[in-house]
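Chain by chain, the residues run as shown.
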Amino acid sequence: MKILLAHDGSQQSTVAGKFLRRYLYPSSDPIEIVCVIDALRDHSCHVLSDLQNEADQKLQAIQREFMKDDWSVETKRLEGEIARTLVKEAEAGGATLLVAGDRGLGKIDSLLLGNVSSHLVKQANCSVLIAKKFPEHDSREVVRILLPYDGSRAAESAVHWMESANWRIPVELMLLNVMESQSDHLKKMAIANANYGELDALKIRLIKEMTTKLRHVETEVIDDNNIDETILNAAATWNADLIVLGHQGHNKIIEHIIGSTAYHVAEHASCSVLVIR
C-alpha cells in the first residue's frame, strides 16, 4: 500500500496522521507526507519564503512522529491549489491511498466537509481516507469498522481492502446490508433471509482471511429506502471508528443515480470514512 498523507499542521491533518499510526502497521513503501502552499489563498497575508519555512517545519515535525513508530517517510512541499495538487501528486507517485483530515486551515474549508476533502473524495483515482476524529483517551484496543455490503463490485473492493490491510490492533466489524423496503411481508422476509445468508457467508470468509486480525463480526440487514442515512445512523449507533465503502467510479450517470452515497456519507459521518476505488 502506497500512502500519501496531506498535512498542513491543522488539528484535523494531525488527526489523520494519528489515525494511520494507531490503526495500521507501516507499509513496505515509504509514506509520502505532502504540505501544499496555496499561492492564491495564502500569499495575501504572508511572504512566500515565510510560508515555505513554515511548511518545512510542519513536515519535519510530522516526519519525526511517524519515524517514532518505525514508518519510512518521504516529505514534499508543493505549491498550487491544494486539492488539485494533491490529486495530481497522488497520481504521479502511484499512491493507492490518499489520506486527509476533513478540515483545513482555510476559512472556506471550514464549511461542511472541507472543500479540499470533498474534492479529493470526488476526483482522486485512488482510495481516499477522510479522518474526522481520533479517540485520544479511548481505552479500547480495537478499531470498530462499519462495512456496508450489497454484493456489488464496489462493495467487493471494500472487502478486499479490509482483507489486505495490515491492522495494528484487532478489528471489530459490522457488516451492514440496506435492503429496499417491501410492502409484501413474505417477500420482505425472503429477501432479508437471502441477504443475511450472503452476509453470513462473507463473515465466514473474512474470519478465515483475516484470522487473528478480526476479533468480532456482526451482521445486520435493515429495511430502509434511505441508504445514506441508514449507514450514518448505524455507524453512530454502533460507535464506529471508521466506515469503509466502495465507490462506483467516475461515470457521471451512475454517480447521479447511485454513486452519491460515498460523497454523502463522507460529508455527514461523525467518524472517519474510507472510500475505496
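Keep in mind that this is a model prediction, so the values were computed, not measured. (Residues numbered from 1 in each chain as written. Predicted model: local features only at pLDDT ≥ 70, side-chain atom pairs only at ≥ 80, totals over all residues. Heavy atoms only, no water.)

(A) Expanded view of the sheet that holds strand E1 (residues 3-6). Here 10 strands make up an open sheet; going across it, the order is E3-E2-E1-E4-E5-E10-E9-E6-E7-E8 and the pairing mixed. The strands lining the two open edges of the sheet, one partner per strand, are strand E3 (73-79) and strand E8 (214-223). Sheet twist, expressed as the mean angle between neighbouring strand axes with direction ignored, is 20 degrees. In the sheet, strand E6 (residues 143-148) pairs with strand E7 (residues 171-179) via six bridges, with the strands oriented parallel. Bridge pairing links Leu147 to Leu175 in E7. Set on the sheet, helix H6 (residues 153-164) makes contact with strand E4 (97-101), E6, E7, strand E9 (242-246) and strand E10 (272-276); between it and E9 the angle comes to about 130 degrees. Of the strands in this sheet, E6, E7, E8 and E9 touch helix H8 (residues 227-237), which is tilted by about 155 degrees from E7. (Pairing = 2+ DSSP bridges. Helix = DSSP H or I, 4+ residues; strand = E, 2+ residues; numbered from the N terminus. Axes fitted to C-alpha atoms, helices over the stretch in contact; angles between N-to-C directions. Contact = heavy atoms within 4.5 Å.)

(B) Here's a closer look at the confidence of the model for the protein. Scored by pLDDT, the protein has a mean of 85; 86% of the residues are at 70 or more. E1 holds the highest mean pLDDT among the elements of the protein, 96, whereas helix H9 (residues 252-259) holds the lowest, 44. Per-residue pLDDT stays below 50 along residues 104-113; that stretch engages in 24 contacts with residues further than four places along the chain or on separate chains. A low-confidence stretch, residues 249-258 (pLDDT under 50), is modelled with 13 contacts involving residues beyond four sequence positions or located in other chains. (pLDDT = per-residue confidence, 0-100.)

(C) Highlighting the nonpolar core. Of all hydrophobic cores here, the largest spans 51 residues; its most connected members are Leu20, Trp167 and Leu173. Not counting chain neighbours up to four residues away, the residues in contact with Leu20 comprise Ile3, Leu5, Ile31, Phe66, Trp71, Val99 and Leu129. (Core = buried A, V, L, I, M, F, W, Y, C linked by side-chain atoms within 4.5 Å. Buried < 20%, exposed > 50% of the residue type's maximum accessible area, 1.4 Å probe, protein only.)

(D) Inspection of the pairing of E4 at higher detail. Burial of E4 is extensive: five of the five residues sit out of reach of the surface. In this structure, E4 lies alongside strand E5 (residues 127-131), joined through five bridges in parallel fashion. Counterpart to Val99 in the pairing with E5 is Leu129.

(E) Local environment of helix H1 (residues 11-23). Its 13 residues place the ends of H1 18 Å apart at the C-alpha level, agreeing with the 18 Å of an ideal helix rising 1.5 Å per residue. Extensive coverage of H1 is indicated by the burial of 10 of its 13 residues. (Expected span 1.5 Å × (residues − 1).)

(F) The arrangement of the packing of aromatic side chains in detail. One pass over the full model with this rule turns up three aromatic pairs. Arranged with centres 5.3 Å apart and planes meeting at 90 degrees, the rings of Phe66 and Trp71 form a pair that is edge-to-face. Consider the rings of Trp161 and Trp167, whose centres lie 5.7 Å apart with planes at 75 degrees: the pair is edge-to-face. Comparing Trp161 with Trp167, the two get one shared label, buried. Positioned over the ring face of Tyr263 is Lys122, at 5.7 Å from the centre of the ring. Here the basic side chain of Arg144 rests over the ring of Trp238, its NZ or CZ set 4.0 Å away from the ring centre. (Phe/Tyr/Trp six-rings, centres within 6.5 Å; stacked < 30°, edge-to-face > 60°. Lys NZ or Arg CZ within 6 Å of the ring centre and 35° of its normal.)

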